[in-house]
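Breakdown of the fold
If you want the building blocks of each chain, they are given just below.
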Amino acid sequence: MNIFVARLNFKTRHEDLEAAFAKFGQVTSAKIVKDRDTGRSKGFGFVEMASDEEANKAIVALNETELDGRQIVVKPANPKTSADGGQA
DNA sequence: ACTGAGCGC
C-alpha cells in the first residue's frame, strides 16, 4: 500500500515517516521527496506498508495529525504512471 | 535561509 504524505515539516526525514507509520504496521519503505537540485525537502513524501489494512488505518490515524510539530496530510498515493508511457 | 499545495527517478 503506497501512502502519500504531504504538508510535512521541511526538516522531517524519511525515518520520521517510517517511525510514524511503523507504529501502526510494518513499513516496507518510506521516502521524503527532496529537491533534485538543492536537496531541500519538498514538504511531502511517500510511505509503503506491507499490510494494506494496517496502511489504511494508519492513513486515517495519521491523517491531519501532528508530525515533527507540523500537521500532515496522509492519503493513498497515486500510481507513477505517466501519460507519455510508463507502467502499462 | 526561505515556503506550504500537493504525488516520487
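It should be noted that the structure appears before, not after, this text.
What you see is a predicted model; the values in this text were computed from it and never measured.

**Points about the nonpolar core**
Among the nonpolar cores identified, the biggest contains 18 residues, and I3, V5, L17, F21, V47 and V74 are the most heavily contacted of them. Listed by contribution, the elements that provide at least two residues to this core are β1 (2-6), α1 (14-22), β2 (27-34), β3 (41-49) and α2 (52-62). Once you skip the residues sitting within four places of it in the chain, L17 turns out to touch V5, L8, A30, K31, I32, G45, F46, V47 and L67.

**A short note on unusual backbone geometry**
Backbone geometry places R7, a non-glycine residue, at a positive phi of 60°. Here R7 is to be found in the loop between β1 and α1. For R7, a relative accessible area of 61% translates into the label exposed. Phi angles above zero are rare outside glycine, and D68 is one such case at about 60°. Here D68 lies in the loop between β4 (66-67) and β5 (70-71).

**Concerning α1**
Among the residues making up α1, those that are buried are L17, A20 and F21. An end-on view of α1 places all buried positions within 90° of arc, on one side of the element. At its buried positions, α1 is contacted by β1, β2, β3, α2, β4 and β6 (73-76).

**Focus: the sheet that holds β2**
Reading across the sheet, the four strands line up as β2-β3-β1-β6 and stay open at both edges, with antiparallel pairing between neighbours. The two strands at the open ends of the sheet, each matched to only one other strand, are β2 and β6. With strand direction ignored, the average angle separating the axes of adjacent strands in the sheet is 20°. As paired elements, β2 and β3 share seven bridges and run antiparallel to each other. From the neighbouring strand, K31 faces β3, where its bridge partner is F46. α1 rests against β1, β2, β3 and β6 of the sheet, and its axis sits at about 145° to β2. Against the sheet, α2 engages β1, β3 and β6, with an angle of about 150° to β6.

Cut-offs used in this document
Every chain is numbered independently, its residues counted from 1 as its sequence is written. As a convention, the first chain written is A and the first ligand written is 1, with the rest following in written order. Confidence filtering applies because this is a predicted model: local features only for residues at pLDDT of at least 70, side-chain atom pairs given and counted only at 80 or more, and all residues used for totals across whole chains, interfaces and linings. Hydrogen atoms and water are omitted, and side-chain values are computed over all heavy atoms in the structure. As used here, the term nonpolar core means buried Ala, Val, Leu, Ile, Met, Phe, Trp, Tyr and Cys residues forming a set that is joined through side-chain atoms within 4.5 Å. Three exposure classes are used, based on accessible area relative to the maximum for each residue type with a 1.4 Å probe and protein chains only: buried under 20%, partly exposed in between, and exposed over 50%. Helical segments are the DSSP runs of H or I of at least four residues, strand segments are the runs of E of at least two, and each set is numbered from the N terminus. The contact rule is simple, with two residues in contact once any of their heavy atoms fall within 4.5 Å. The arc in question is traced by the directions running from the helix axis to the C-beta atoms. A strand pair is defined by DSSP finding two or more bridges across the two strands. Inter-axis angles, ranging from 0 to 180 degrees, are taken between N-to-C directions of lines fitted to C-alpha atoms, where helices are fitted over the stretch in contact.

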